[in-house]
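Okay, here's what each chain looks like letter by letter:
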Amino acid sequence: MMTRPLTLHPDRLFPADPTTRAIARTLYAQVADLPIVSPHGHVDPSWFSSDAPWTDATSLLLAPDHYLFRMLYSQGLDLDRLGIARRGGVVPDTDPRAAWRLFAEHYPLFRGTPSRLWLDHVFAEVFGIDVALEAATADLYYDLIGEALATEAFRPRALFERFRIDFLATTEGAQDDLAHHASIRASDWQGRIVTTYRPDGVIDVEHEQFAGAMERFAELTGEDVHEWRGYLAAHAKRRAAFRAMGATATDHGHPTAQTANLSTAECESLFARIVGGTWSAADAELFRAQMLTEMARMSVEDGMVMQIHPGSFRNHNAGLFASHGRDKGADIPMRTDYVSALKPMLDVVGTERDLTIILFTLDESSYARELAPLAGHYPCLKLGPAWWFHDSPEGMRRFREMTTETAGFYNTVGFNDDTRAFLSIPARHDVARRVDCAFLARLVAEHRLEDWEAADLAVELTSGLVRRAYRIA
Amino acid sequence: MMTRPLTLHPDRLFPADPTTRAIARTLYAQVADLPIVSPHGHVDPSWFSSDAPWTDATSLLLAPDHYLFRMLYSQGLDLDRLGIARRGGVVPDTDPRAAWRLFAEHYPLFRGTPSRLWLDHVFAEVFGIDVALEAATADLYYDLIGEALATEAFRPRALFERFRIDFLATTEGAQDDLAHHASIRASDWQGRIVTTYRPDGVIDVEHEQFAGAMERFAELTGEDVHEWRGYLAAHAKRRAAFRAMGATATDHGHPTAQTANLSTAECESLFARIVGGTWSAADAELFRAQMLTEMARMSVEDGMVMQIHPGSFRNHNAGLFASHGRDKGADIPMRTDYVSALKPMLDVVGTERDLTIILFTLDESSYARELAPLAGHYPCLKLGPAWWFHDSPEGMRRFREMTTETAGFYNTVGFNDDTRAFLSIPARHDVARRVDCAFLARLVAEHRLEDWEAADLAVELTSGLVRRAYRIA
Amino acid sequence: MMTRPLTLHPDRLFPADPTTRAIARTLYAQVADLPIVSPHGHVDPSWFSSDAPWTDATSLLLAPDHYLFRMLYSQGLDLDRLGIARRGGVVPDTDPRAAWRLFAEHYPLFRGTPSRLWLDHVFAEVFGIDVALEAATADLYYDLIGEALATEAFRPRALFERFRIDFLATTEGAQDDLAHHASIRASDWQGRIVTTYRPDGVIDVEHEQFAGAMERFAELTGEDVHEWRGYLAAHAKRRAAFRAMGATATDHGHPTAQTANLSTAECESLFARIVGGTWSAADAELFRAQMLTEMARMSVEDGMVMQIHPGSFRNHNAGLFASHGRDKGADIPMRTDYVSALKPMLDVVGTERDLTIILFTLDESSYARELAPLAGHYPCLKLGPAWWFHDSPEGMRRFREMTTETAGFYNTVGFNDDTRAFLSIPARHDVARRVDCAFLARLVAEHRLEDWEAADLAVELTSGLVRRAYRIA
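Procedures and definitions
Residues numbered from 1 in each chain as written. Chains lettered and ligands numbered in written order. Predicted model: local features only at pLDDT ≥ 70, side-chain atom pairs only at ≥ 80, totals over all residues. Heavy atoms only, no water. Helix = DSSP H or I, 4+ residues; strand = E, 2+ residues; numbered from the N terminus. Rg over C-alpha atoms; globule rule 2.2 N^0.38 Å. Buried < 20%, exposed > 50% of the residue type's maximum accessible area, 1.4 Å probe, protein only. Contact = heavy atoms within 4.5 Å. Areas by Shrake-Rupley, 256 points an atom, 1.4 Å probe, with all protein chains shown as cover. Lys, Arg positive; Asp, Glu negative; His and termini not counted. Charge placed at Lys NZ, Arg CZ, Asp CG, Glu CD. Least-squares fit on C-alpha atoms with pLDDT ≥ 70 in both. Pairing = 2+ DSSP bridges. Buried area = accessible area lost by both parts, 1.4 Å probe. Salt bridge = Lys/Arg side-chain N within 4 Å of Asp/Glu carboxyl O. Polar contact = N/O pair within 3.5 Å; in protein donor to acceptor, adjacent residues only side chain to side chain. Nonpolar A, V, L, I, M, F, W, Y, C, P; charged D, E, K, R; others polar. 1 Å grid on protein atoms, 1.4 Å probe; cavity = no way out; pocket = protein on both sides within 12 Å on 5 of 7 lines; lining within 4 Å. Points joined across faces, edges and corners; volume = space filled by probe spheres on them. Domains from an automatic or database assignment. Phe/Tyr/Trp six-rings, centres within 6.5 Å; stacked < 30°, edge-to-face > 60°. Lys NZ or Arg CZ within 6 Å of the ring centre and 35° of its normal.

1. Looking at the overall build of chain A
Scanning chain A from N- to C-terminus turns up 19 helices and eleven strands. The C-alpha atoms of chain A give 23 Å as radius of gyration, which agrees with the globular expectation for 473 residues (23 Å, within 12%). The principal-axis extents of the C-alpha atoms in chain A amount to approximately 70 × 60 × 45 Å. For chain A, the proportion of its 473 residues judged to be buried stands at 64%. Partitioning the contacts of chain A with sequence separation of at least 6, the portion at a separation of at least 24 is 76%. For chain A, the accessible surface area stands at approximately 15,600 Å², while carbon and sulfur atoms represent 51% of it. Both charge centroids of chain A, one from 48 positive and one from 66 negative side chains, sit 2 Å from each other.

Below, the structure is given as structure tokens:
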């Protein structure tokens with residue numbers, strides 16, 4: 001079989017100019033092996049409570065990765081043939097090896113995308129494969145990966161240790177009982193995996209499972225969650241429960257960044273419409289808006305860092321939503337305003353010095369125009385890293401180019417991998433470290449920064465900022 | 001006479017870094033001489049039906065090129081002195097040689113613009129001129145170009161062959177009888193020139209010539225175009241007639257990308273207002289919106305590729321519109337939403353796999369935020385190349401940098417010259433090939449792509465993608 | 001004491017690629033020492049009428065610079081400890097040396113920001129300091145700067161001459177009596193310092209000092225400024241008075257770029273609501289909009305160049321506004337529309353050839369989409385340089401990359417320092433010259449421009465364009 005080699009070039013992602021590249025290389029050498037701090041992501045905690053082996057390449061690497069199947073779908077491939085679950089979790093009766101072959105055959109679609117960088121890193125570094133993925137090597141890959149996964153060394157906990165992850169935050173809904181986290185903490189395993197409080201399910205009345213989530217929210221807290229005061233008390237209880245499972249942060253994924261500053265009477269009246277089922281779309285938005293302010297108030301009290309991830313039009317493809325449900329690669333970013341949207345909340349908590357609110361965006365036009373000026377002024381605001389579609393070499397470069405001059409480096413918070421693809425975590429952090437070192441190297445090469453400052457900053461961007469921002473000891 | 005040399009450097013538009021430049025050079029060598037495929041543009045088909053010689057530099061190169069006279073006008077030059085036609089086509093009594101001299105004298109205004117790159121290419125490559133254009137060489141240019149145009153070698157068909165154009169699509173209105181195309185096809189000349197169905201004139205009720213266009217539309221189809229069903233039938237007939245003249249695509253130049261998904265009853269009622277003259281501005285917009293969905297439905301039936309070119313505020317300069325009419329360089333891009341705007345249409349045809357809708361934009365902020373995520377998901381959507389003001393080295397570079405990581409290369413469709421300036425077609429394709437090779441070279445130099453992959457992609461971006469997207473055999 | 005050296009590298013801000021850097025160096029050598037033309041800024045004219053010595057580093061360099069204290073505030077520092085005045089001008093009882101130490105200790109916050117570049121230039125070039133600012137050198141800096149300021153050579157007029165400033169425009173409100181300018185002109189000192197007409201205070205009825213400004217406006221003009229005709233006459237008188245103090249330009253800092261084109265009757269009715277105190281927020285906006293058109297009309301008459309600086313949400317931080325008032329680094333840019341907003345004014349004056357309106361933006365997404373196409377068409381429109389948050393190396397680079405291909409270089413107007421930080425003026429112009437030379441060098445290196453053209457343009461961007469645009473002899 002004629003195959004092509006798979007190699008990860010040691011200088012990948014560094015600028016070609018020899019002066020700049022040499023500086024980037026030196027900077028990277030200092031941070032390449034620092035432990036991974038992953039303060040925000042979506043890894044499944046059950047993997048680490050059970051430590052059960054994964055079974056095959058398709059179910060581990062392909063089926064859960066919406067970056068992969070959205071691209072394959074965009075080129076006309078049938079999701080059933082890729083083994084992607086239909087609505088309600090029904091998995092099509094697809095041979096996983098056949099799905100993998102289909103993926104391998106279409107691997108050129110990923111040229112120039114971060115998925116390609118991450119996957120090649122997983123193949124080469126995690127599995128030690130030395131030939132490139134293509135139709136001709138699909139079976140070889142499938143077999144090698146399957147065999148590896150059957151070994152002790154590829155169990156979740158073993159990989160966690162091998163990846164030298166110092167801290168990993170998952171994300172759970174307010175209605176989650178955190179059983180897997182409790183089980184991890186009760187075990188004798190020392191891996192530091194914590195949860196994050198994501199209350200969207202009990203805040204977004206437009207979510208189709210709102211009623212069920214509220215029911216569970218009531219059960220878990222014993223509060224009357226259909227009354228405004230009780231509803232807030234339930235949040236307070238659950239926040240405490242999440243903190244007990246190590247959480248240092250909350251996360252909020254609203255369609256917009258809108259906040260509100262209503263009186264208690266207005267809140268009560270609005271909430272009555274929400275739980276009474278008489279709400280309008282404007283009420284739903286206003287309620288989400290008010291809840292960001294309420295969450296900020298609670299963060300002032302309990303010290304949890306608040307993350308706001310706005311701007312995604314979820315489930316844009318009506319046909320696919322009908323057949324396959326949520327999270328199938330059909331979420332599309334929207335233009336997102338921060339300046340007017342955040343003001344009501346900032347009027348309440350803007351000058352707090354012990355509060356940290358981390359802002360993310362899918363709308364890069366807001367980086368230089370809104371986000372950097374906001375974070376470069378308000379004590380409570382920090383900028384999250386380039387997110388989702390922008391978590392990529394060009395996206396990260398634009399993030400630094402468009403935010404640094406106004407917000408500086410110290411109003412940013414290091415890298416988030418924000419992934420459910422556990423095996424790709426080292427790859428993602430490696431890309432971020434390389435891109436940051438490349439950016440710093442350019443500043444040094446252009447005499448905008450001294451070399452010793454860049455060395456200091458490389459460590460800050462990898463380790464210092466994330467630990468301080470997310471309050472990680 | 002002291003003149004400066006005019007030379008086209010073989011490495012133009014390649015990055016200065018020697019490693020990257022060498023890679024770009026190698027890639028470019030493989031595509032530099034590939035035949036031109038021009039799937040969208042505005043060349044006048046009568047040139048090729050009559051094959052009459054062009055007469056002079058001013059009427060061929062200056063007067064029809066709004067890129068040129070908009071810049072000259074912006075610096076206070078009188079359009080009359082440049083020989084630009086007034087409203088109603090009245091050509092001012094201007095000596096074309098004097099107009100050319102005025103242009104030559106102001107040629108420095110074009111420094112740093114793509115017009116400068118295209119024109120120098122036309123002067124050097126098409127006419128073989130070896131001194132730079134400036135006041136001192138204006139007459140020399142005027143004479144040389146005039147003499148060349150009088151020869152057989154500079155007749156339209158001869159140049160078409162010399163340029164090695166494999167496929168050229170022009171654009172005609174629904175009310176056009178396609179006589180020139182019929183005449184080209186009836187001739188013994190083998191040049192492949194086809195039409196494109198552009199029905200804006202019978203869809204945009206706000207266009208001042210809507211009534212006349214509708215009349216002609218009725219004549220050509222024999223349908224009752226003032227009744228909804230007959231109006232749709234007329235479109236179907238004309239689409240078939242355009243396909244008979246080689247058309248593989250339709251084109252839609254609306255102010256926004258808004259689409260709609262109305263019931264038949266709503267369509268009938270709306271259409272009654274449109275043809276009854278009782279429409280509001282909102283009706284006009286809604287009708288355009290609904291017609292995009294109707295055109296998409298017809299494309300599912302007849303296989304024509306649909307192009308959407310939204311976002312231009314036409315005829316922004318009221319004074320100039322009064323004196324000189326349309327298409328005088330006074331069209332200004334607007335912020336353009338795609339995410340909400342396209343949803344009604346996508347709810348109808350979004351999951352079709354045999355439909356191709358090519359999206360263009362004048363709002364680069366939509367590249368990474370909206371267009372790449374849409375095209376990287378929906379099977380029917382593809383991204384058109386950098387358009388109009390962005391059809392330029394920096395514009396093309398930004399297009400690749402902001403779309404590739406999310407949409408990949410394979411959801412793009414190669415280059416469009418979109419021009420009426422026939423002589424500049426080789427120059428425009430050359431710029432696109434160079435900029436794409438420069439982008440690929442950077443990915444290779446940064447070890448984000450293998451060299452053999454880049455070589456494959458260079459050919460795809462030049463030839464493969466455009467042929468497949470526009471269904472060109 | 002272990003200190004680090006402070007050096008300004010001669011190649012700073014030039015690209016690392018040796019070919020490009022060499023070209024940039026050559027271009028820069030031709031413009032590095034050209035006199036400074038500063039057509040727009042906020043330097044205090046009283047410094048030059050009194051020529052009194054400045055006293056210390058804190059009050060001169062730190063306290064008035066909102067770029068500095070906004071960053072320090074964003075990191076939780078107390079403004080009182082930095083000596084920043086509270087609302088009503090009450091200066092906290094802070095030891096200026098202690099404030100300086102606090103600043104020095106936090107100097108790393110400015111890494112990667114233009115403030116760092118400007119300050120290092122001031123320290124090294126203006127004060128001749130050769131060690132870097134840090135906690136350990138805070139006192140050394142404070143003492144050296146204090147000693148220097150006590151000498152004749154550091155008096156305002158002496159520095160003005162040392163900086164080789166050929167022209168400096170300050171900005172005064174319509175209600176300002178211009179006494180300092182009169183005094184400068186009456187003195188035997190030859191420095192060319194002129195005013196700029198900024199009538200926002202008597203146009204923006206939402207400004208808390210509108211009533212007082214109107215009173216003063218009436219006193220200074222003797223007109224009945226509460227009647228529409230008298231109000232316009234007052235503007236005309238004050239514009240003449242400003243021209244007598246050398247003004248060649250007006251300046252307008254509105255929240256949006258909205259203009260209007262009302263009839264006289266509508267103007268009178270609107271103005272009655274404005275001065276009668278019965279206005280709504282929409283009236284306030286409409287009045288500002290109409291006044292841009294009125295100012296444009298007056299500019300056609302009197303030849304003053306009009307500058308529009310829209311898009312800042314002023315005093316965003318409610319808590320800080322309450323405690324510290326305006327201009328405390330809490331102004332945040334907003335998305336800004338130009339295409340629809342400017343049309344009413346352009347319908348009136350758009351085709352004027354002797355009018356110059358210079359457009360600025362805080363919304364970079366408008367560069368390529370709206371501003372370059374507008375300036376590349378309308379004879380009266382020019383593009384101001386990268387402004388405020390974008391007055392930075394990356395911001396200036398993006399400005400050139402996003403505007404040049406459509407508007408060319410000749411529809412831009414050179415550099416504005418727009419600063420009240422007088423000592424940083426040479427630093428700011430130096431950064432602009434270097435970044436422009438770097439941009440030109442790339443065009444030369446990529447064979448998009450000849451070297452002699454770039455040399456010509458470097459001088460134009462430094463000197464020619466600004467003098468012609470602002471009508472400076």
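2. Some words on the relation of the copies chain B and chain C
The transformation that overlays chain B on chain C combines an axial shift of 0.0 Å with a rotation of 120 degrees, and the residual RMSD is 0.0 Å. Taken together, the rotation and translation describe the operation of a three-fold axis.

3. A short note on the sheet that holds strand 2 (residues 165-169) of chain A
All names here are of chain A. Spatially, three strands are ordered 1-2-4 in an open sheet, and the strand pairing comes out parallel. Since the sheet does not close on itself, it has two edges, and those belong to strand 1 (36-38) and strand 4 (193-194), each with one partner. Here two bridges tie strand 2 to strand 4, and the two strands are oriented parallel to one another. Residue pairing in the sheet places A169 in a bridge with V194 of strand 4.

4. A short note on the interface of chain C and chain A
Many authors give the size of an interface as the accessible area that is lost as the parts come together. Opposite the 51 residues of chain C that make contact, chain A presents 46 residues. The contact between chain C and chain A buries some 4,000 Å² in all, and 52% of this surface belongs to carbon and sulfur atoms. Counting every contact that joins chain C to chain A gives eight salt bridges. When the shortest N-O distance is used, the salt bridge between E453(A) and R111(C) registers 3.3 Å. Connecting chain C to chain A are 27 residue pairs in polar contact (both at pLDDT 80 or more). Of all elements in the fold, only helix 1 (18-31), helix 4 (66-74), helix 6 (114-126), helix 14 (318-324), strand 9 (332-333) and helix 17 (393-407) of chain C reach the threshold of two or more residues within the side of chain C that touches chain A. If one sorts the elements of the side of chain C that touches chain A by residue count, helix 17 of chain C sits on top with five residues. Partitioning the side of chain C that touches chain A into residue classes produces 21 nonpolar, 14 polar and 16 charged.

5. A few points about the interface of chain B and chain C
Counting from both sides, the interface comprises 51 residues of chain B and, opposite them, 46 residues of chain C. Taken together, both faces of the contact between chain B and chain C bury some 4,000 Å²; the carbon and sulfur share is 52%. At the boundary of chain B with chain C, the tally comes to eight salt bridges. The salt bridge partner of R369(C) is D363(B), with a shortest N-O separation of 2.9 Å. Taken together, the links from chain B to chain C amount to 27 residue pairs in polar contact (both at pLDDT 80 or more). Elements with a minimum of two residues in the side of chain B that touches chain C: helix 1 (18-31), helix 4 (66-74), helix 6 (114-126), helix 14 (318-324), strand 9 (332-333) and helix 17 (393-407) of chain B. Considering only residue class, the side of chain B that touches chain C consists of 21 nonpolar, 14 polar and 16 charged.

6. Focus: unusual backbone geometry
A positive phi is found at L178(B), a non-glycine position, where the angle reads about 60 degrees. As for its position among the elements, L178(B) is in the loop between strand 3 (172-173) and helix 9 (179-186). Residue L178(B) is classed as buried on the basis of its relative accessible area, which comes to 3%. You will see that D418(C), though not glycine, has its phi angle at about 50 degrees, which is positive.

7. Digging into the side chain of R433(B)
Residue and element names in this part refer to chain B. If you trace the backbone, R433 turns up in helix 18 (residues 425-445). The side chain of R433 is buried and forms no salt bridge, while D430, the nearest opposite charge, is found at 6.5 Å. A distance of 2.9 Å separates a polar side-chain atom of R433 from the backbone oxygen of V31. Here R433 is in contact with Y28, V31, A32, D33, L34, P35, I36 and T462, once residues within four sequence places are set aside.

8. Looking at the environment of A330(C)
With respect to the secondary-structure elements, A330(C) resides in the loop between helix 14 and strand 9. Since its relative accessible area comes to 5%, A330(C) is described here as buried. With 14 residues separating them along the chain, A330(C) and H316(C) place their C-alpha atoms 5.5 Å apart. Excluding its chain neighbours within four sequence positions, the residues that come into contact with A330(C) are H377(A), R70(C), F313(C), R314(C), N315(C), H316(C), N317(C) and L320(C).

9. Considering empty space enclosed by the protein
In this structure, the largest cavity encloses a volume near 1,400 Å³. As for the largest cavity, its lining consists of 48 residues, and the residues nearest its centre are R397(A), R442(A), R442(B), R397(C) and R442(C). For the lining of the largest cavity, the leading source of residues is helix 18 (residues 425-445) of chain C, giving five residues. Residues of the lining of the largest cavity, tallied by class, amount to 24 nonpolar, three polar and 21 charged. Looking at the second largest cavity, its volume works out to about 520 Å³. Lining the second largest cavity are 29 residues; nearest its centre among them are M402(A), R398(B), M402(B), R398(C) and M402(C). When contributions to the lining of the second largest cavity are tallied by element, the ones reaching two or more residues are helix 16 (365-375) and helix 17 (393-407) of chain A, helix 16 (365-375) and helix 17 of chain B together with helix 16 (365-375) and helix 17 of chain C. Of the residues in the lining of the second largest cavity, the class split is seven nonpolar, four polar and 18 charged.

10. Comments concerning the relation of the copies chain C and chain A
Expressed as a screw transformation, the operator carrying chain C onto chain A has a rotation angle of 120 degrees and an axial translation of 0.0 Å, and the superposed copies differ by an RMSD of 0.0 Å. Of the interface residues in chain C, just 6% have counterparts in chain A that sit at the interface too, so the contact is made through distinct surfaces.

11. A word on the domain arrangement of chain A
Residue and element names in this part refer to chain A. Along its sequence, chain A is carved into domain 1 (18-52 + 156-469) and domain 2 (53-154). Inter-centroid distance (C-alpha atoms) of domain 1 to domain 2 is 27 Å. Considering only the surface of domain 1 that becomes buried against domain 2, H324, L423 and R428 emerge as the three largest contributors, covering 22% of it. For the interface between domain 1 and domain 2, the tally reads zero salt bridges. Remark: the boundary between domain 1 and domain 2 carries seven residue pairs in polar contact (both at pLDDT 80 or more). Taken together, the elements giving at least two residues each to the side of domain 1 that touches domain 2 come down to helix 8 (156-162), helix 14 (318-324) and helix 18 (425-445).

12. Here we look at helix 16 of chain B
Burial runs high along helix 16 of chain B: eleven of the eleven residues are buried. For helix 16 of chain B, the complete set of buried residues consists of S365(B), S366(B), Y367(B), A368(B), R369(B), E370(B), L371(B), A372(B), P373(B), L374(B) and A375(B).

13. Topic: the pairing of strand 6 (residues 249-252) of chain C
All names here are of chain C. On strand 6, burial covers both faces: A249 and D251 on one face and T250 and H252 on the other are all buried. Relative to strand 7 (residues 305-308), strand 6 runs parallel, the two being bridged by four bridges. Counterpart to H252 in the pairing with strand 7 is I308.

14. Topic: the packing of aromatic side chains
Applying the stated criterion to the full structure yields 90 aromatic pairs over all chains. Ring centres of W388(B) and F389(B) lie 5.2 Å apart, and the angle between their planes is 5 degrees; on these two criteria the pair is classed as stacked. Owing to a relative accessible area of 12%, W388(B) belongs among the buried residues under this scheme. Between W47(C) and W54(C), the aromatic rings sit 5.1 Å apart at their centres with planes inclined by 85 degrees, giving edge-to-face as the arrangement. One aromatic cluster is present, built from ring pairs that chain together W47(A), F48(A), W54(A), F160(A), F163(A), W189(A) and F422(A). Cation over ring: R4(A) sits above W452(B), and NZ or CZ is 3.5 Å from the ring centre. In this structure, R87(B) is placed above the aromatic ring of F321(B), and the distance from its NZ or CZ to the ring centre is 4.6 Å.

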